[in-house]
Amino acid sequence: MAVSEQAEKYHERMFPEYRSSFKTTDPEFIERFDNFAFDEVIRESSLDDRTRFMAILAVLVGCQGIDEFRVMLPAALNMGVTPVEAKEIVYQAAAYLGIGRVFPFLTAVNVVLENCGVKLPLAGQSQTTMKNRMEKGEQIQIAVFGKGMKGFSHSGPSETRHINRWLTDNCFGDYYTRSGLAIREREMITFCFLSGLGGCEAQLTAHASGNMGIGNSREFLIDVISQCVPYIGYPGCLNAIAAVNKAAGR
């Protein structure tokens, strides 16, 4: 058995003129993994390369795959993901994973971009102020989850109401309102964060519903999940599919 021509070609597009040392130290593993990840999985998908690699970067942040993230970010840049988009994926992850999980990725993305000749800082993408972030965040919540989100920031028991307020002004008002990624892309990467993180099926189902509400269809989400199998494995992906089906009423 050998690595297929398709897998070799795709690997070359990701990493031009690079030969992995694993081909020497772990040839049997590389044959099976590369044939699966860069041929069989790719052939099953209708995603464009940019979307595929946005999902891969997001799911790697979610599962804390920092070493693989460092490897795959240059490939993502070669496949059409822009430096701004890569940064926005990492920034938005802070709202869902916390800075304890995201800090290493902030460092990694800066190192990789600078090594690729990208001058930092990048152009600012913020579209809100401290005065209007609540209002703008609620507008995004309503667009994604429906009119029932009107007044969400002031709802709930008094002792936890501040969390709802923070979800509106911080999570959505500070991050989702930023330029650099479209709303449908932001919901997709959130779904990938949660799929990689695991253990948050209620939120995963809610964001599967949010995705479908703004045009990321059930079929699209299953395609995204399928492309993440090599990076987070089968249990996480099967849980994500279950969440999509639950949100879709299947």
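Structure: see above.
Predicted model, so just to flag it, every value in this text is computed and none were measured.

Conventions and cut-offs
Residues numbered from 1 in each chain as written. Predicted model: local features only at pLDDT ≥ 70, side-chain atom pairs only at ≥ 80, totals over all residues. Heavy atoms only, no water. Axes fitted to C-alpha atoms, helices over the stretch in contact; angles between N-to-C directions. Helix = DSSP H or I, 4+ residues; strand = E, 2+ residues; numbered from the N terminus. Parallel < 35°, antiparallel > 145°, perpendicular 65-115°, else oblique. Left-handed = near helix turned anticlockwise from the far one by under 90°. Contact = heavy atoms within 4.5 Å. Nonpolar A, V, L, I, M, F, W, Y, C, P; charged D, E, K, R; others polar. Salt bridge = Lys/Arg side-chain N within 4 Å of Asp/Glu carboxyl O. Buried < 20%, exposed > 50% of the residue type's maximum accessible area, 1.4 Å probe, protein only. Phe/Tyr/Trp six-rings, centres within 6.5 Å; stacked < 30°, edge-to-face > 60°.

(A) Main features of the packing of helix H5 (residues 66-78) against helix H7 (residues 99-115). In the contact formed by H5 and H7, the axes pass within 10 Å of each other and the chain directions differ by 40°. Between H5 and H7, the interaxial angle falls into the category oblique. The element H5 and its partner H7 pack so that their crossing is right-handed. Counted together, Ile66, Phe69, Arg70, Leu73, Pro74 and Leu77 of H5 and Pro104, Phe105, Ala108, Val109, Val112 and Leu113 of H7 form the full contact between these two elements. Tallied by class, residues from the contact of H5 with H7 come to 11 nonpolar, no polar and 1 charged.

(B) Highlighting the pattern of salt bridges. Under the definition given, this model contains 14 salt bridges. Salt-bridge contacts for glutamate 185 lead to arginine 50; the nearest nitrogen and oxygen are separated by 2.7 Å. Placement of glutamate 185 in helix H10 (residues 183-197) and of arginine 50 in helix H4 (residues 49-62) is noted, with a sequence separation of 135 residues between them. Measuring nitrogen to oxygen at the nearest pair gives 3.9 Å for the salt bridge that ties glutamate 219 to arginine 218. On the accessibility criterion, arginine 218 (19% relative accessible area) is buried.

(C) Spatial organisation of the environment of glutamine 141. Looking at the secondary structure, you find glutamine 141 in helix H8 (residues 133-145). Along the sequence, glutamine 141 and arginine 43 sit 98 residues apart, while their C-alpha atoms lie 35 Å from each other. If we skip the residues at most four places from it in the chain, glutamine 141 touches Gly146, Met149, Phe152, Leu167, Thr168 and Phe172.

(D) Expanded view of the packing of aromatic side chains. Enumeration according to the criterion identifies 7 aromatic pairs in this entry. Taking 5.7 Å as the distance between ring centres and 15° as the angle between the ring planes, the aromatic pair formed by phenylalanine 29 and phenylalanine 33 counts as stacked. A residue pair is termed a helical-turn pair when its members lie 3 or 4 positions apart in one helix, as phenylalanine 29 and phenylalanine 33 do in helix H3 (residues 27-43) at 4 residues. For phenylalanine 29, a relative accessible area of 51% translates into the label exposed.

(E) Structural detail: the packing of H4 against H5. Their axes nearest at 10 Å, the elements H4 and H5 cross at an angle of 165°. Relative to H5, H4 is oriented roughly antiparallel. Considering how the two elements wind past one another, H4 and H5 form a crossing that is left-handed. Together, Phe53, Ile56, Leu57, Leu60 and Val61 of H4 and Glu68, Phe69, Met72, Leu73, Ala75 and Ala76 of H5 make up the contact between the two elements. When the residues that make up the contact of H4 with H5 are grouped by side-chain class, the tally is 10 nonpolar, no polar and 1 charged.

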